[in-house]
Amino acid sequence: MCLLEGYSKDLNEYAGRADSLFNEGAYQEASIEFERLAYQATSNTERTIAIVRKSDCLVALSNFHSAKSNLLRINYFSLNDSIVFEARFKTAYSAYLDEDFSLANNQMFLIRQYLPEIYHRKSTTLYALSLNEDRSWTEAHELLIADLAKRSIPQHEKDSIIQELNSAYNEKDFPKYRDPEKAKNLSSVLPGLGQLYAGYPQDAAFTWFFLAAGLATGAYTAFVFRYFVTGLSIWGGIGERLYSGGVRRSAFLAEKKNYNTARRYNDSLKMLILQLNY
Amino acid sequence: MSQVLDSGMVINDSMGSLDSVKSEVITVEQDPTSKELAFIHYLVSNELYGDAQYSLNALEQDSSILEGQKDSIEYFQGWLSYYQRDFDNSLNHFNQIDKQSELLVASQFFSVMCLLELGDNVGAEGLLNEISSKDRPDIAELKILYQSGFALLKRDYAAYDSLVALYKTNNYLIAAERTGFDQYANDLRVYKDKSPLVAGLLSALVPGLGKYYAGYKGHPFGALAITLPFAAPAIELAILAGLTSPLFIASGALFGLFYFGNIWGSALSVKTHKSDYYGEIDYNIVIDLHVPLRRVF
């Protein structure tokens, strides 16, 4: 999309310079020139175009957070549909790269709610990828199938793609979500149980081993040497450390498991979606 | 707020009329340096510090800039470093500004804050006293605010009282900070010094009680929970194994370490609490000295 078309004649010279810098790979300089355009813009459309182009520079500099913050300055009042789409899509894109998936999904939702259908298709891939990252696999699946129905490709190709999608988005394969709060609660009831729930049985076994060792040492001190208070203190001390440490660790392990399983699953889905050329 | 004049020089439009409604008017002439300075002003105002720094560095290389414009560049460099909390660098730039410059007063106030942040309170106060407020009632009021803030930092309540009596108007630009300072002055005056000896004795009676007395209300339970589990086995081993048994000596030593450590900690906590309390108020005073700079200049 040639965004320079949106500029008034006077600003075209500046825009041309900024674009040249961008094309030369001088992204930092180009970013400032686009900011200058935003500053000198006499209309909201001109300003928006400059901001969108600046975000391209920031993305090229891998400064995704700044790209996102930059785009969030846009005022959508009185902009035409193509510019609204460009701005929202770029916002979603930089938010996705910045791992702010809820903002990315929010922008995609707004595209679908307020822009004509011709823009929906252009955003399907990014929307599906972002929904995947947000663990909304069912929605991503439905979105891809719905989009496929509107594509003008032979039916047998559609059937083949649907089959691939259905296989990839099989509900049984969705990574199981381990609730960190539940893991914490389970470990509060019985040390090690939270780790077991989080999918780390070796961690649970480690906890039980040390609990048993503490109990054995305490019992030995209490019943063999007859130092009951000392025995109780030894067991209580070891138990308390394992207990409070285990509760915190259970939540951490549940989050770690969620991240790892979702990452693996989403990476395979990403490959498929990009392969299908949505 | 600052303005960029046709000459490219930045001046502060609020200096002469603090009571007037301020407007961020940027006058831009065709001179490229002036235009660039106006753009840099916009970048800094919008907190686009990276872009502003880049543009300023590029502008500094320009050999055609005028003397007044050089002051503006130094001012912006100082301003930028100040907002990025690089106070050393900020001070260096503000020090470059010509003594006759319109920007001098603003740069002096910023320099005062830089020196304060760098821990040179004496230097900051000295510079503050040098600021000329002749024929500038607004600057005079701002100066009183700063001097009263310094009086509080020195715990000189008599000086504080005499300074606040000098206010002639209720300037809205510094009203919130004036109220804040009154509150801090009151809080500092009512703070009662505690005795480390009493704190230590209380903790000897009940582990942790001295910390409660010092002002750390939640700490005694933690100290008690740590000390008691060591006390119980030591007592048991003293009774059953005897006072000369190695087991008692080991567990008693462990208990003693925590018990006497707690007493010592309680005595020290009196000083720590006082330092924390004063530190928090001093921090708030410094913040309240920073805030008007953004509003006034």
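Conventions used here
Residues numbered from 1 in each chain as written. Chains lettered and ligands numbered in written order. Predicted model: local features only at pLDDT ≥ 70, side-chain atom pairs only at ≥ 80, totals over all residues. Heavy atoms only, no water. Helix = DSSP H or I, 4+ residues; strand = E, 2+ residues; numbered from the N terminus. Polar contact = N/O pair within 3.5 Å; in protein donor to acceptor, adjacent residues only side chain to side chain. Phe/Tyr/Trp six-rings, centres within 6.5 Å; stacked < 30°, edge-to-face > 60°. Lys NZ or Arg CZ within 6 Å of the ring centre and 35° of its normal. Contact = heavy atoms within 4.5 Å. Buried area = accessible area lost by both parts, 1.4 Å probe. Salt bridge = Lys/Arg side-chain N within 4 Å of Asp/Glu carboxyl O. Nonpolar A, V, L, I, M, F, W, Y, C, P; charged D, E, K, R; others polar. Expected span 1.5 Å × (residues − 1). Buried < 20%, exposed > 50% of the residue type's maximum accessible area, 1.4 Å probe, protein only. pLDDT = per-residue confidence, 0-100. Axes fitted to C-alpha atoms, helices over the stretch in contact; angles between N-to-C directions. Parallel < 35°, antiparallel > 145°, perpendicular 65-115°, else oblique. Left-handed = near helix turned anticlockwise from the far one by under 90°. Domains from an automatic or database assignment. Core = buried A, V, L, I, M, F, W, Y, C linked by side-chain atoms within 4.5 Å.

Student: Can you explain the side chain of Ser101 of chain B? Please cite residues and give values.
Tutor: By the secondary structure assignment, Ser101 of chain B is in the loop between α4 (87-95) and α5 (104-117). Here Leu103 of chain B takes part through its backbone nitrogen, which lies 3.0 Å from a polar atom of the side chain of Ser101 of chain B.

Student: Run through the packing of aromatic side chains, naming residues and quoting values.
Tutor: With the rule as written, the count across this model stands at 36 aromatic pairs over all chains. Ring centres 6.1 Å apart and planes at 10 degrees place the aromatic pair Tyr49 of chain B and Tyr83 of chain B in the stacked group. Taken together, the positions of Tyr49 of chain B in helix α2 (residues 49-60) and Tyr83 of chain B in helix α3 (residues 67-83) put the pair 34 residues apart, joining distant regions of the chain. Among the aromatic residues, ring-to-ring pairing joins Tyr49, Tyr75, Phe76, Trp79, Tyr82, Tyr83, Phe87, Phe94, Phe109, Phe110, Tyr146 and Phe297 of chain B into one connected group. The cationic tip of Arg53 of chain A hangs over the ring face of Phe22 of chain A; the distance from NZ or CZ to the ring centre is 4.9 Å. One Lys or Arg, Lys194 of chain B, reaches over the ring of Tyr213 of chain B and ends 5.4 Å from the middle of that ring.

Student: Describe the environment of Gly231 of chain A, listing the residues and the values that go with them.
Tutor: Residue and element names in this part refer to chain A. Of note, Gly231 is situated in helix α13 (residues 228-275). When the C-alpha positions of Gly231 and Leu215 are compared, they lie 8.6 Å apart, and in sequence the two are 16 residues distant. In contact with Gly231, other than residues within four places in its own chain, are Gly218, Thr221 and Ala222.

Student: Tell me about the interface of chain A and chain B, and please be specific about residues and values.
Tutor: Contacts between the two partners involve 17 residues from chain A and, on the opposite side, 20 residues from chain B. Here chain A packs against chain B, burying approximately 1500 Å² in sum over the two surfaces, 58% of which is carbon and sulfur. Three residues, Ile32, Tyr39 and Tyr227 of chain A, lead the burial of chain A against chain B; their summed loss comes to 40% of the area buried on that side. The tally of links from chain A across to chain B stands at two salt bridges. Among the ionic pairs, Glu36 of chain B bridges to Arg36 of chain A, the shortest N-O distance being 2.6 Å. One can count seven residue pairs in polar contact (both at pLDDT 80 or more) joining chain A with chain B. Those elements giving two or more residues to the side of chain A that touches chain B turn out to be α2 (27-40) and α13 of chain A. Residues belonging to the side of chain A that touches chain B are distributed by class as follows: seven nonpolar, four polar and six charged.

Student: Which residues make up helix α6 (residues 101-114) of chain A, and what are the values?
Tutor: In a regular helix each residue adds 1.5 Å, so 14 residues correspond to 20 Å; α6 of chain A covers 20 Å between its end C-alpha atoms and thus fits that length. Those residues of α6 of chain A that sit buried are Phe101, Leu103, Ala104, Asn105, Gln107, Met108, Leu110, Ile111 and Arg112 of chain A.

Student: Summarise the confidence of the model for chain B; cite the residues concerned and give the values.
Tutor: Residues and elements named next belong to chain B. The predicted model of chain B has a mean per-residue pLDDT of 86, with 89% of residues at 70 or higher. Below pLDDT 50 for its whole length, residues 11-29 participates in 54 contacts with residues either more than four positions away or in separate chains. Model confidence for the complex is summarised by a pTM of 0.74, with the ipTM given as 0.74.

Student: I'd like a description of the packing of helix α1 (residues 32-45) of chain B against α3 of chain B, backed by residues and values.
Tutor: Residue and element names in this part refer to chain B. Packing of α1 against α3 brings their axes to within 11 Å, and their N-to-C directions diverge by 15 degrees. Considering the angle they form, α1 stands roughly parallel to α3. You can see that α1 and α3 cross each other, and the crossing is left-handed. In this structure, α1 contributes Thr33, Ser34, Leu37, Ile40, His41 and Val44 to the contact, and α3 contributes Gln69, Ser72, Ile73, Phe76, Trp79, Leu80 and Tyr83. Along the lines of polarity and charge, the residues of the contact of α1 with α3 split into eight nonpolar, five polar and no charged.

Student: With reference to specific residues and values, describe the domain arrangement of chain A.
Tutor: Residues and elements named next belong to chain A. Partitioning chain A into structural domains gives domain 1 (1-78), domain 2 (80-172) and domain 3 (180-274). Each of domain 2 and domain 3 has a C-alpha centre, and the two are 40 Å apart. Counting residues at the interface gives 14 residues for domain 2 and ten residues for domain 3. Note on domain 2 versus domain 3: buried area summed over both sides is about 1000 Å², and carbon and sulfur give 62% of it. When the buried area of domain 2 at its contact with domain 3 is split by residue, Leu129, Glu133 and Trp137 rank highest and sum to 37% of it. Inspection of the domain 2/domain 3 interface yields one salt bridge. The partner of Arg263 in a salt bridge is Glu133, and the shortest N-O contact between them spans 2.8 Å. The interface formed by domain 2 and domain 3 contains four residue pairs in polar contact (both at pLDDT 80 or more).

Student: If you had to explain the side chain of Asp19 of chain A to someone new, which residues and values would you point to?
Tutor: With respect to the element layout, Asp19 of chain A can be found in helix α1 (residues 9-23). At 2.3 Å, the side chain of Asp19 of chain A forms a polar contact with the side chain of Arg53 of chain A.

Student: Requested: an account of the pattern of salt bridges, with residues and values cited.
Tutor: When the charged atoms of two side chains lie near each other, side chains of opposite charge can form a pair. For the coordinates displayed, the defined rule picks out 24 salt bridges over all chains. With its nearest N and O atoms 3.0 Å apart, the salt bridge here joins Lys68 of chain A to Asp98 of chain A. Highlighted residues: Lys68 of chain A in helix α4 (residues 64-71) and Asp98 of chain A in the loop between α5 (81-97) and α6, separated in sequence by 30 residues. Judged by its relative accessible area of 9%, Lys68 of chain A falls in the buried class. For Asp98 of chain A, a relative accessible area of 24% translates into the label partly exposed. With a closest N to O distance of 3.3 Å, Glu117 of chain B and Arg85 of chain B form a salt bridge. Separated by 32 residues along the polypeptide, Glu117 of chain B in helix α5 and Arg85 of chain B in the loop between α3 and α4 bring together distant segments of the chain.

Student: Mind laying out the nonpolar core, listing which residues take part and the relevant values?
Tutor: Residues Tyr169 of chain A together with Phe109, Tyr146, Leu152 and Phe297 of chain B are the most contacted members of the largest nonpolar core, which totals 119 residues. Tyr169 of chain A has contacts with Asn132, Trp137, Ala140, His141, Leu144, Phe174, Tyr265, Leu269 and Ile273 of chain A, leaving out every residue within four places of it along the chain. Ala183, Ala198, Tyr200 and Leu253 of chain A belong to the second largest nonpolar core, which has six residues in total.

Student: If you had to explain the environment of Leu43 of chain B to someone new, which residues and values would you point to?
Tutor: If you trace the backbone, Leu43 of chain B turns up in helix α1. Sequence-wise, Leu43 of chain B and Gln53 of chain B are ten residues apart; in three dimensions their C-alpha atoms are separated by 9.1 Å. Non-local contacts of Leu43 of chain B, meaning those with residues more than four positions away in its chain, are made with Glu35 of chain A together with Leu48, Asp51, Ala52 and Ser55 of chain B.

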